[in-house]
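Okay, here's what each chain looks like letter by letter:
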Amino acid sequence: MNIPDTGNIKWSENVIVADADYIDKVAFDLTVNFERMIGRRIPPADMSQWAVCVALDGGLRPGKHETQVVLIHDRKNPKMENFVPGTYATELDGQAFDDPQMGEFTFADVATGEFAGNDATMLDVLRNLLGHSEVKRIALIPDETNGELIETLRNTLRDANDEQRITLLAMQPLVGGNYRQEILGYSLMRALGIDSNEIK
């Protein structure tokens, strides 16, 4: 399979790996549903706000940290339609921002092709991360609608190093595995600017 080579990447202690096509779709669904519910227009999700929230969900606490955000997407999709910034080539890949509480976040995108899709690429990146002792925290956001992928992730993480804190974010709780779980919707709602007080 033609999976991008991730073996020579220098990883940070904290890594977020997301199926960007999936989170873009979930952000769209949340936007449509909440605009109806709260009666106002919802702007695109703030990518930096979302990344910080996911890092917190993954166990990171305030400090001078470095966090890498890997966005996996089909190469036919050059941008995320429901996030700002959202264009991979010019606005995300190789870019970084500094959060005063959580440190530096750097972005990389991995475009998938006809031989290896998002799921296979995510598994490849994950297996690579599990082999790097310098990586202390991994937050994964897979396409949870693919039951086969979730089962493969569960099996892959069964023997994961206890030194690594692994958190899987999904829209609903999944059958347990050797990882922590958090609800993806909370970080997306925050990034979309939806206040819990608005939801009746």
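Residues numbered from 1 in each chain as written. Predicted model: local features only at pLDDT ≥ 70, side-chain atom pairs only at ≥ 80, totals over all residues. Heavy atoms only, no water.

Participant: It is not clear to me how helix H2 (residues 47-57) should be interpreted in this structure. Could you clarify?
Facilitator: Given 3.6 residues to a turn, an α-helix orients residues that are three or four positions apart in the same direction. Counting buried residues in H2 gives eight out of eleven residues, a clear majority hidden from the surface. Buried within H2 we find Met47, Trp50, Ala51, Val52, Cys53, Val54, Ala55 and Asp57. (Buried < 20%, exposed > 50% of the residue type's maximum accessible area, 1.4 Å probe, protein only. Helix = DSSP H or I, 4+ residues; strand = E, 2+ residues; numbered from the N terminus.)

Participant: Would you explain helix H1 (residues 20-38) in this entry?
Facilitator: When the terminal C-alpha atoms of H1 are compared, their 26 Å separation across 19 residues agrees well with the 27 Å that a helix rising 1.5 Å per residue should span. Restricting attention to buried positions, one finds in H1 the residues Ala20, Tyr22, Ile23, Asp24, Val26, Ala27, Leu30, Thr31, Phe34 and Ile38. One or two steps after H1, the chain reaches Gly39, where phi turns positive at roughly 70°. (Expected span 1.5 Å × (residues − 1).)

Participant: Any chance you could explain the packing of aromatic side chains here in plain terms?
Facilitator: The geometry of an aromatic ring pair is captured by the separation of the ring centres together with the interplanar angle, meaning the angle of the planes. Enumeration according to the criterion identifies three aromatic pairs in this entry. What links up through ring pairs into an aromatic cluster is the set Phe97, Phe105 and Phe107. (Phe/Tyr/Trp six-rings, centres within 6.5 Å; stacked < 30°, edge-to-face > 60°.)

Participant: It is not clear to me how the sheet that holds strand S5 (residues 96-99) should be interpreted in this structure. Could you clarify?
Facilitator: Sheet strands associate in pairs through backbone hydrogen bonding, adopting either a parallel or an antiparallel arrangement. Taken together, seven strands build an open sheet; the order of strands is S5-S6-S3-S1-S7-S8-S9 and the sheet is mixed. Of all the strands in the sheet, the pair left with one neighbour each is S5 and strand S9 (180-183). Averaged over all pairs of adjacent strands, the angle between strand axes in this sheet comes to 20°, irrespective of strand direction. Strand direction decides the pairing type here: strand S3 (residues 65-74) and strand S6 (residues 103-112), joined by ten bridges, are parallel. Along S6, the bridge assignment pairs Asp74 with Thr112. The sheet strands contacting helix H4 (residues 118-130) are strand S1 (14-19), S3, S6, strand S7 (137-141) and strand S8 (165-170), and the helix crosses S1 at an angle near 170°. This element, helix H6 (residues 184-191), spans S7, S8 and S9 of the sheet and lies at about 40° to S9. (Pairing = 2+ DSSP bridges. Axes fitted to C-alpha atoms, helices over the stretch in contact; angles between N-to-C directions. Contact = heavy atoms within 4.5 Å.)

Participant: Please clarify how the environment of Ile42 should be interpreted in this entry.
Facilitator: By the secondary structure assignment, Ile42 is in the loop between H1 and strand S2 (45-46). Taking relative accessible area as the criterion, Ile42 reaches 3% and is therefore assigned buried. In sequence terms Ile42 and Gln172 are 130 residues apart; their C-alpha atoms lie 23 Å from each other. Residues in contact with Ile42, not counting those within four places in the same chain, are Thr31, Phe34, Glu35, Leu192 and Ile194.

Participant: Help me understand the environment of Met102, please; the structure alone is not making it clear to me.
Facilitator: Following the sequence through the fold, Met102 ends up in the loop between S5 and S6. Given the relative accessible area of 2%, Met102 is considered buried. Taking C-alpha positions, Met102 is 7.2 Å from Val52, a pair spaced 50 residues apart along the chain.

By themselves, these are just geometric observations and shouldn't be taken as functional.
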